[in-house]
Amino acid sequence: MATFTVNGHTVTANQNQKLLRFLRDTLRLTSVKDGCSEGACGTCTVLIDGKPTRACIPQTDKLEGKQILTVEGLTEFEQEVFT
Ligand code: FES
């Protein structure tokens, strides 16, 4: 179990799983795409503490206290500029 923030909201992952699965299946944040599931394509990239990270790699139990940002957490202006 780990507690961390996603797009400014505090969340708790009760079962250890890949961050990609937690974001898509539990939080329904579908901007995080599942391309290869093995860290090769980058379609699952999110920011963890400001660092671009492939969400299909880290397990949620390793994310205690981290801050995660997905496209859904960007401002409207940022979404227009960067997507
Ligand atoms: S799904 Fe391809 S790098 Fe994560």
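Structure: above.
The paragraphs below set out a description of the structure included in this document.

## Some remarks on the pairing of strand β2 (residues 9-13)
Pairing geometry for strand β1 (residues 2-6) and β2, over five bridges, is antiparallel. Directly across from Thr5, in β2, lies its bridge partner Thr10. Two successive antiparallel strands, β1 and β2, enclose a turn made up of two residues, where Asn7 displays a positive phi of approximately 50°.

## What to know about the side chain of Thr60
Mapped onto the fold, Thr60 is located in the loop between β4 (51-54) and β5 (67-69). The contact partners of Thr60, leaving out residues within four places of it in the chain, are Ala2, Phe4, Ala13, Gln15, Asn16, Gln17, Lys18, Leu19 and Phe22.

## Concerning the pattern of salt bridges
On inspection of all chains with the given rule, the structure shows three salt bridges. With a closest N to O distance of 2.8 Å, Asp25 and Arg21 form a salt bridge. With Asp25 and Arg21 both in helix α1 (residues 19-26) and four residues apart, the pair spans about one turn of that helix. Arg21 serves as the salt-bridge partner of Asp34, at 2.9 Å between the closest nitrogen and oxygen. Pair noted here: Asp34 is in the loop between α1 and β3 (45-48) and Arg21 is in helix α1, with a separation of 13 residues, a long-range link. For Asp34, a relative accessible area of 33% puts it in the partly exposed group. What makes Arg21 partly exposed here is its relative accessible area of 28%. One salt-bridge network, held together by shared partners, links Arg21, Asp25 and Asp34.

Conventions used here
- Residues numbered from 1 in each chain as written.
- Predicted model: local features only at pLDDT ≥ 70, side-chain atom pairs only at ≥ 80, totals over all residues.
- Heavy atoms only, no water.
- Pairing = 2+ DSSP bridges.
- Helix = DSSP H or I, 4+ residues; strand = E, 2+ residues; numbered from the N terminus.
- Contact = heavy atoms within 4.5 Å.
- Salt bridge = Lys/Arg side-chain N within 4 Å of Asp/Glu carboxyl O.
- Buried < 20%, exposed > 50% of the residue type's maximum accessible area, 1.4 Å probe, protein only.

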